[in-house]
Amino acid sequence: MSQTMGDNLKRLLAPRHLAFVGGRSMARALKRCADGGFTGQMWLVNPHHDHLDGIPCVRRVADLPCGPDAVFVATNRELTLTCIAELAAIGTGGAICYASGFAETGADGAALQQQLLNAAGDMALLGPNCYGLLDYLHSSALWPVAHGGKPVEKGVAILTQSGNFAYNLSMSDRSLPVAYMASVGNQAQLGVAELMDVLLDEPRVTAIGLHLEGLKNVPGFARAAHKALEQGIPIIALKTGVSQIGAELALSHTSSLSGSDALYDSLFARLGVIRVSGPVSFVETLKAAACGNLPSGKRLIALACSGGDAGLIADYAERNHLALPKLDAGQRAELAQVLPSYANLVNPLDFTTAIWGDREALQRMLDTALRTDTDAAMLVLDYPAALTGERQECDLLLELFCAALSRHGKRGFVTSAFPELLPVHARERLHAHGIPALQGVEDALAAWARIADYQHHRRVLLERGESILEPLCPRALAGRGVTLDEWASKQALRAFGLPTPLGVLSTPERAMADAHLLGYPLVLKAVSAELPHKTEAGAVALNLPDAAALKAAIAQMSAQIAAYAPGVAFDRLLLEPMAAQPLAELIVGIKRENDFGLALVIGAGGILVELLKDSRSLLLPTTDDAIRHALLSLRSATLLHGFRGREVADMGALVAAIRAVADYACANAEQLLELDVNPLLVNARGATAVDALIRLGDGYAR
C-alpha cells in the first residue's frame, strides 16, 4: 500500500466530512448519520433532483466543495466506474462501492473490477459488492440500511465477508461495543489484511473480530496479525468453509492428514489468533476482550447466590482449564461471620440469598472473597423480569461488585446463567466500568478462558519467533506434475541434510554383487516413479538375511509388479541396510495449498498413518522451536520420552532431520507440489528417513 493510499485509508476511517451518491436510500443514510451524532459536513449527490426527502442535492461530483474524506457510492456498476474516477480526481479520501456485478460474476465482471481499481488510483476503495463501513468512533455510517449500533469511546473492530452477518450483528442484543464494522465484499483493493494493519494504529480499537470464508492475502494477514500480537490486541476469528481442497490430486499420505482448514488452524496458531466455532462464541469472546483490561492468568474466584450456579461454574471452569484456588482459613472464618451456617465456604462460593439486599454484608463478603490470590473474579447474576419490581437488589450487587473490583485492583466479569437474564442497562453499566458483561455462564467461561489463554500463548509465541516469519505463498501450480522416484527423492533431500540409509542403486543383474559389498540383512525395493505406493505393489522386501533370500525376493517382486502394474519396468533396484528397530515412526511431509502456502506436516507415521491421523501442521518457514513443540504435542509423543522404560529419542537429531525437509521445501517452494517422508525412524542415536516421495510441478528444472 502506497503512503498516499494509506493516508487516504486513515481519512476513510476518521472522516471529517461525508458524501452519499445515489437516490432516496442515500438521503435516508445521510439522515441516519446526522441522527447518530455525526457533526461534520455531509453532501448528497444526485444528478436528477434538487432535493430528496428534504436533503439538498449536489448535481455532480465535480461540484462538491472539496474531496470528501469518505463517500458511499450506491449506483449501478457502470455509473460506479464513472463516479469513482470523478471522486479520485477531486482528491477524495476513500469510497465504498455498494454495487455488485464485478469479479464475483466471472471474467467480464473481473475486467470491470480492474477498471474500477484503475479509476480509484490512490483513493482508498472498499468493495465492490459490500454493505460498507460502520464507524461508531466518529458516528459515520457509510451503510445502505438501518443498523443497531451506537457511538462508543472504544471497542472492537469487526471485518466480515458477509454483509448480512454484519447487519445482524449490529442488531444483536448483546451490548458488544463496536468501534468499526466493515463488510469487505470483493476486496478489490482493501481486504482484511490492509484494514487490520491500519485499525491497529487506532488506540481505541481493543480487539479485532474476523468473520472469514478465506484469505486473499496470507502474507499481509500474517504481518498484520504479528503486529497485533506484539501490541497485545486479540484477534478472534470465525472461519467458515471447512473442506479438503485438491484431495483428488494427492499421491502422498501427507495430503490425507492436512486439509485446507487444518492449514488455517496452523496459520492462526502461529499468530495467536483465537478461533471460535459460531456467532455466539464470536461475540462473547470479543466482549471478554473489548475492555482491553485482559486477565494475566487462568485463576478465578467465582461468586454466585445459588448452589446450582456454583455447580455449573465448577463444571465449566474445569472444562475450560480455569483454576479455582481454595479459600484460606482466614477467609473461611470471616465468611462464616457473614454467611449462614449452611453456606458452603469454597470456591466457587455460593453466598446464598440470605444476605440478598444487605449492603454491608454483601460488601464484607466481596472484600473477603476478592482477597483470594487469583487473576480475576467472576459473578453470576440473573435479573428477574422488570415487572417483578425486584431488580434493585441485583443493581445493588452489581454496584458493589464493580466497586470491590476497583478497590482490590482485580479484573473480573459478570455473567448470567441464562443469556437473556442480564438486561441491557446492567450490561451497559458494567461496560462503562470496563467490566465484560457476558451472557450465559457456559459461553462466558469458555470466552474468558480463551482470552486468558491468549495472554499466555502470546508470550510464548513471541519468544518462539515463528510469528514474525512471513508465510511462503507461492503461485498456484496446475496439473499432476512429475513424481521423482525414491532414489532421486532421497538424493534431493540428502543434499539438505536429511539422513538416509547408505544404499546402492542397482539392477536385477548386479544386485547379488552389490549386496555382497553392502552386507546383510538388507532391504530390497523397486525404483520407479510409477510406483509411489510400493507396499501395495509388492515392491518392498524387508530384512533379507542372505543371498538366497535376496535372489528369491527379486524373482517374487518381478512377478508381483508385473501382475500389479504390467506396464512398469522392473529394471532398477534399491538395496539398503536393514534399519534397527526404532523408538517411533514418524511421517514428515509438505502440503501445498494453492494461493495459501506451504505447510510442514508432522505426524505418527508408518502403516498406521491414516488410521491414527495424529499430526500437526506448521506453515513455512518455521523454526526449530516450533518443530519441537509440534512433535511434543502429538498424541504419540510419549514414544519419544522413554515409554515403558525404553530409551529416550534423540530429539536434536529428529528436529534437525525435519528441519532438512523444511529447508528443501523452502528452497523449492515455487515448484514443489507435495513431499512425503514416511517413515522417518527415530531412536536414541539419531533419525533416518527410509522412504521418500517428491512431486514437482510440470516443467521443473531437472
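Up top you'll find the structure we're talking about.
The structure contained in this document is the topic of the report that follows.

What counts, and where the lines are drawn
- Residues numbered from 1 in each chain as written.
- Predicted model: local features only at pLDDT ≥ 70, side-chain atom pairs only at ≥ 80, totals over all residues.
- Heavy atoms only, no water.
- Pairing = 2+ DSSP bridges.
- Helix = DSSP H or I, 4+ residues; strand = E, 2+ residues; numbered from the N terminus.
- Axes fitted to C-alpha atoms, helices over the stretch in contact; angles between N-to-C directions.
- Contact = heavy atoms within 4.5 Å.
- Core = buried A, V, L, I, M, F, W, Y, C linked by side-chain atoms within 4.5 Å.
- Buried < 20%, exposed > 50% of the residue type's maximum accessible area, 1.4 Å probe, protein only.
- Disulfide = S-S within 2.5 Å.
- Left-handed = near helix turned anticlockwise from the far one by under 90°.
- Nonpolar A, V, L, I, M, F, W, Y, C, P; charged D, E, K, R; others polar.
- Salt bridge = Lys/Arg side-chain N within 4 Å of Asp/Glu carboxyl O.

### Quick word on the sheet that holds strand β9 (residues 140-142)
(1) Moving on: Pairing within the open sheet is mixed, and its seven strands lie in the order β9-β8-β11-β10-β12-β13-β14. Strands at the two margins of the open sheet, each flanked by one partner only, are β9 and β14 (274-276). In this sheet, adjacent strand axes meet at a mean angle of 15° when their direction is disregarded.
(2) Moving on: Looking at chain direction, strand β8 (residues 132-135) and strand β11 (residues 178-183) are connected through four bridges and run antiparallel. When the bridges of β11 are listed, Leu133 appears paired with Ala182.
(3) Moving on: Together, β8, β10 (155-160), β11, β12 (205-212) and β13 (235-239) form the strand contacts of helix α5 (residues 163-171), whose direction differs from that of β11 by roughly 155°.

### Quick notes on the nonpolar core
(1) Moving on: Grouped together as the largest cluster of nonpolar side chains are 108 residues, with contacts concentrated most on Phe20, Met196, Leu210, Phe221 and Phe282.
(2) Moving on: Among the elements that take part in this core, helix α16 (residues 441-464) stands out by supplying nine residues, more than any other.
(3) Moving on: Contacts of Phe282, omitting those with residues within four sequence positions, involve Ile158, Phe165, Leu169, Gly209, Leu210, His211, Ile236, Leu238 and Val276.
(4) Moving on: Formed by 42 residues, the second largest nonpolar core is a distinct cluster that contains Leu493, Leu640, Val655 and Ala657.

### Re the state of the cysteines
(1) Moving on: Applying the stated criterion across every chain yields a total of zero disulfides.
(2) Moving on: No disulfide involves Cys291; its nearest neighbouring cysteine sulfur is the one of Cys402, lying 12 Å away.
(3) Moving on: Here Cys394 is not cross-linked by a disulfide; its sulfur's nearest cysteine counterpart is in Cys305, at 7.8 Å.
(4) Moving on: Residue classification places Cys394 among the buried residues on the basis of a relative accessible area of 1%.

### Observations regarding the packing of helix α13 (residues 359-369) against helix α14 (residues 392-408)
(1) Moving on: Between α13 and α14, the shortest axis-to-axis distance is 10 Å and the interhelical angle comes to 35°. For the pair α13 and α14, the crossing hand works out as right-handed. Along the contact surface, α13 presents Arg359, Leu362, Gln363, Leu366 and Asp367, while α14 presents Leu396, Leu397, Glu399, Leu400, Phe401, Ala404, Arg407 and His408.
(2) Moving on: Tallied by class, residues from the contact of α13 with α14 come to seven nonpolar, two polar and four charged.

### With respect to the pattern of salt bridges
Once the charged atoms of two side chains with opposite charge are near each other, the side chains can pair.
(1) Moving on: Within this structure, the stated rule accounts for 39 salt bridges.
(2) Moving on: Note that Arg24 is salt-bridged to Asp53, the shortest N-O span being 3.3 Å. Linking Arg24 in helix α2 (residues 24-36) with Asp53 in the loop between β3 (51-52) and β4 (55-58), this pair joins segments that are 29 residues apart in sequence.
(3) Moving on: The partly exposed category is assigned to Asp53, whose relative accessible area is 33%.
(4) Moving on: Residue Asp375 pairs with Arg299 through a salt bridge whose shortest N-O separation is 3.0 Å. Note that Asp375 is positioned in the loop between α13 and β17 (376-380) and Arg299 in the loop between α10 (279-290) and β15 (300-304), a separation of 76 residues in sequence.
(5) Moving on: Under the relative-accessibility criterion, Asp375 is labelled buried at 12%.

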